[in-house]
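Listed here are the chains, written in short residue letters.
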Amino acid sequence: MSVRTRFAPSPTGYLHVGGARTALFNSLYARKFGGKLILRIEDTDEKRNTPEAMQAIYDGLNWLGLEWQEGPDKGGDYGPYLQSQRNAIYEKYFAQLQGGGHLYEDGGAVRFRSPRKTVTVEDLVCGKIAFDMSNPVTHPDMTIRRPDGSWIFHFVNVVDDIEMKMTHVIRGEDHLSNTPKHIELYQALGAEPPKFAHIPLILNHEGKKLSKRDGGSSLAYFVENGYVPEAVLNYLCLLGWSPGENREMLTMPEIQALFGLEDINRRNAIFDLDKCFWLNGQHIQHMSLERFAELSVPCVTKAAIPYGTEDALMKALTIVKPKVKHLTDVPAWIGFLFTEEYPFDPEAVDKALRKPGALDRLRTLGTAFGELAEWTHPSIEARLKELAISLGAKVGEFVHPARVAVSGKAVGPGLYEMLEILGKERVLARFQRAEAAAA
RNA sequence: GACCCUAUCGUCCAGCGGUUAGGACACCGCCCUUUCACGGCGGUGACACGGGUUCGAAUCCCGUUAGGGUCGCCA
């Protein structure tokens, strides 16, 4: 039987990073065995069921590049994939339980009568766990239907997993304690339970379950703050799973090749934005220029950078790519290349241009550059260093003023690359402008 | 409270009876005669505690403590 896994979020208005990781693991596992990932929306709670909430799930999954083979938007042989549209199916299974004498009414709601036995969960991550369900006080019969006829999660979740022929249920550990109840349902329905794998939870810095209020708990946070999907995917897979050999930076194909449920640990992990940030820089550095451009263009466009030709933009992106950490920083990092009205950072001006002798050095450098016949990164670098040595000065004493003069900032791409792209005339003019700015 | 899970540097992850307990992020220092949210080198820093088992325990067992989860007519 081919592997079928599922991601079954409820539309809460945003995609939680924990959910994203669950989707990731389900996807990895299904692909590893040539199986399918099914997207099912658990929207039995009417209140949450809005089109926007649904869209947040699609947007998040699409942004990450996770693909599912069956779902509300894709169809499939076991649809519909929206629980709100599966009422007839639930009625059928409900009748089956009723026929078997498993149900009873309680205050208008319907409960499932527990067999009151010990249920053993054989979890692919957690191992074999026995739950003693005999005490009705500690394990009350679960409600499966409300008085208004609507369904409760436990019931529809199990019915759907049976109907959709799920072979593996990979979900958060918060469901581990619910699993024996689900198994009771499978047994009452005469169905074989799927294999379960409960993955550890993602906690915030206080050690509590990551909630909506925590920074970075929503996948949208990463999209908005200039993270690249490959870095987020990489970071997420490292929470609770290890590729072995102390590997940290991985591409999706590498993750796919190395992933296995047996390498998932059972400890909850605290979400650490710092490492994700570092990974983001690493992935940007290592990705192709084309990919970087593809990811940067929305930010550049949004900031209305007048980059002129595509060729000019690509040149700018090339010199910025090795150092930039967030896509959202790209506009600020390349903006000065395309306008003579670039702003001067007062602090940078103070530090680099108002130092004793700084403007003199800038003038000297300008003169030397003016006589330079060839304007390329190597020739510019050679001339600047030559000048520094001949004057007994440190290279940095020329580099700093030049950088601030030409870009208005103390940080940015490599100086010589910047100068080359700008061209000699603009550089010399900017040196002049800097003198005015420093005055 | 009951039940379940967990317990290695601040954080993430290695370790699966014998290691100077390893890597990464962060932090600190030095270097790169180009600043840096670049790069290189080095450093600080952990086996929660108490009992066992064993020639030998971070590794196995028990207990304690701590943290997390579940006990909904939420999902």
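Predicted model only: the values in this text are computed from it and were never measured.

A.B. asks: Can you explain the overall build of chain A? Please cite residues and give values.
C.D. replies: Across its full length, chain A carries 18 helices and eleven strands. Taking 22 Å as the expected radius of gyration for a compact globule of 439 residues, we find that chain A reaches 30 Å, considerably beyond that expectation. Taking the principal axes of its C-alpha atoms as reference, chain A extends roughly 95 × 40 × 40 Å. Nonlocal contacts in chain A, meaning residues at least 24 apart in sequence, comprise 74% of its contacts between residues at least 6 apart. Accessible area of chain A: about 20,400 Å², with a carbon and sulfur share of 52%. Where the 51 positive side-chain charges of chain A centre and where its 56 negative ones centre are 3 Å apart.

A.B. asks: Got a sec to walk through the protein's contact with RNA strand B? Specific residues and values, please.
C.D. replies: Every one of the 67 residues lining RNA strand B counts as a neighbour, but Arg-146, Lys-208, Lys-323, Val-395 and Arg-403 are closest to it. Near-protein atoms of RNA strand B (within 4 Å) split between backbone and bases, with sugar and phosphate holding 70%. In this structure, Asp-329 approaches RNA strand B through a side-chain N or O atom, which is 3.4 Å from a base nitrogen. Put simply, the parts of the chain that give the surface near RNA strand B at least two residues each are strand E4 (109-112), strand E6 (127-132), helix H4 (153-163), strand E11 (269-270), helix H9 (273-286), helix H15 (377-390) and helix H16 (395-407). For the surface near RNA strand B, the leading source of residues is H9, giving six residues.

A.B. asks: Give me the lowdown on the pattern of salt bridges, citing residues and values where you can.
C.D. replies: Tallied over the full model, the rule gives 26 salt bridges. As a salt-bridge pair, Arg-291 and Glu-294 come within 3.4 Å of each other at their nearest N and O atoms. Placement of both Arg-291 and Glu-294 in helix H10 (residues 289-302) is noted, with a separation of three residues, approximately one turn of the helix. Residue Arg-354 pairs with Asp-350 through a salt bridge whose shortest N-O separation is 2.8 Å. Given the relative accessible area of 43%, Arg-354 is considered partly exposed. For Asp-350, a relative accessible area of 45% gives the class partly exposed. Salt bridges sharing common partners tie together Arg-6, Arg-40, Glu-42, Arg-86, Asp-160 and Asp-161.

A.B. asks: Mind laying out helix H2 (residues 51-64), listing which residues take part and the relevant values?
C.D. replies: Between its terminal C-alpha atoms H2 stretches 20 Å, which fits the 20 Å expected from 14 residues at 1.5 Å a residue. Listed as buried for H2 are Ala-53, Met-54, Ala-56, Ile-57, Tyr-58, Gly-60, Leu-61 and Leu-64.

A.B. asks: Please give an account of the nonpolar core that cites residues and values.
C.D. replies: Of all hydrophobic cores here, the largest spans 133 residues; its most connected members are Phe-25, Phe-155, Ile-334 and Phe-369. No other element matches the seven residues that helix H1 (residues 17-32) contributes to this core. Those residues in contact with Ile-334 that lie beyond four places of it in its chain are Val-300, Ile-305, Leu-313, Ala-316 and Val-320.

A.B. asks: Give me the lowdown on the side chain of Asn-26, citing residues and values where you can.
C.D. replies: Within the secondary structure layout, Asn-26 lies in helix H1. Excluding its chain neighbours within four sequence positions, the residues that come into contact with Asn-26 are Thr-5, Arg-6, Leu-37 and Ile-170.

A.B. asks: How would you summarise the pairing of E6 if you had to cite specific residues and measurements?
C.D. replies: Direction of pairing for strand E5 (residues 118-123) relative to E6: antiparallel, over a ladder of six bridges. Counted as the bridge partner of Asp-123 is Gly-127 from E6. Between E5 and E6, which pair antiparallel in sequence order, lie three residues.

A.B. asks: Can you tell me about the sheet that holds strand E7 (residues 143-145), naming the residues and giving the values?
C.D. replies: In spatial order, the strands read E3-E4-E7; together these three strands make up an open sheet with antiparallel pairing. Taken across any chain shown, the strands that pair with only one partner, and hence form the sheet edges, are strand E3 (103-106) and E7. For this sheet the average axis-to-axis angle between neighbouring strands, irrespective of direction, equals 45°. In the sheet, E4 pairs with E7 via two bridges, with the strands oriented antiparallel. Opposite Val-110, over in E7, you have Arg-145 as the bridge partner.

A.B. asks: Describe the environment of Met-314, naming the residues involved and giving the relevant values.
C.D. replies: Take Met-314: it is sitting in helix H11 (residues 310-320). The spatial distance from the C-alpha of Met-314 to the C-alpha of Leu-289 is 8.0 Å, given a sequence separation of 25 residues.

A.B. asks: Would you mind going over the confidence of the model for chain A in detail, with residue names and values included?
C.D. replies: Taken over all residues, the pLDDT of chain A has a mean of 93, while the share at 70 or more is 99%. Taken together, the chains of this predicted complex give a pTM of 0.95 and an interface ipTM of 0.94.

Calculation notes
Residues numbered from 1 in each chain as written. Chains lettered and ligands numbered in written order. Predicted model: local features only at pLDDT ≥ 70, side-chain atom pairs only at ≥ 80, totals over all residues. Heavy atoms only, no water. Helix = DSSP H or I, 4+ residues; strand = E, 2+ residues; numbered from the N terminus. Rg over C-alpha atoms; globule rule 2.2 N^0.38 Å. Contact = heavy atoms within 4.5 Å. Areas by Shrake-Rupley, 256 points an atom, 1.4 Å probe, with all protein chains shown as cover. Lys, Arg positive; Asp, Glu negative; His and termini not counted. Charge placed at Lys NZ, Arg CZ, Asp CG, Glu CD. Near = heavy atom within 4 Å. Polar contact = N/O pair within 3.5 Å; in protein donor to acceptor, adjacent residues only side chain to side chain. Salt bridge = Lys/Arg side-chain N within 4 Å of Asp/Glu carboxyl O. Buried < 20%, exposed > 50% of the residue type's maximum accessible area, 1.4 Å probe, protein only. Expected span 1.5 Å × (residues − 1). Core = buried A, V, L, I, M, F, W, Y, C linked by side-chain atoms within 4.5 Å. Pairing = 2+ DSSP bridges. Axes fitted to C-alpha atoms, helices over the stretch in contact; angles between N-to-C directions. pLDDT = per-residue confidence, 0-100.

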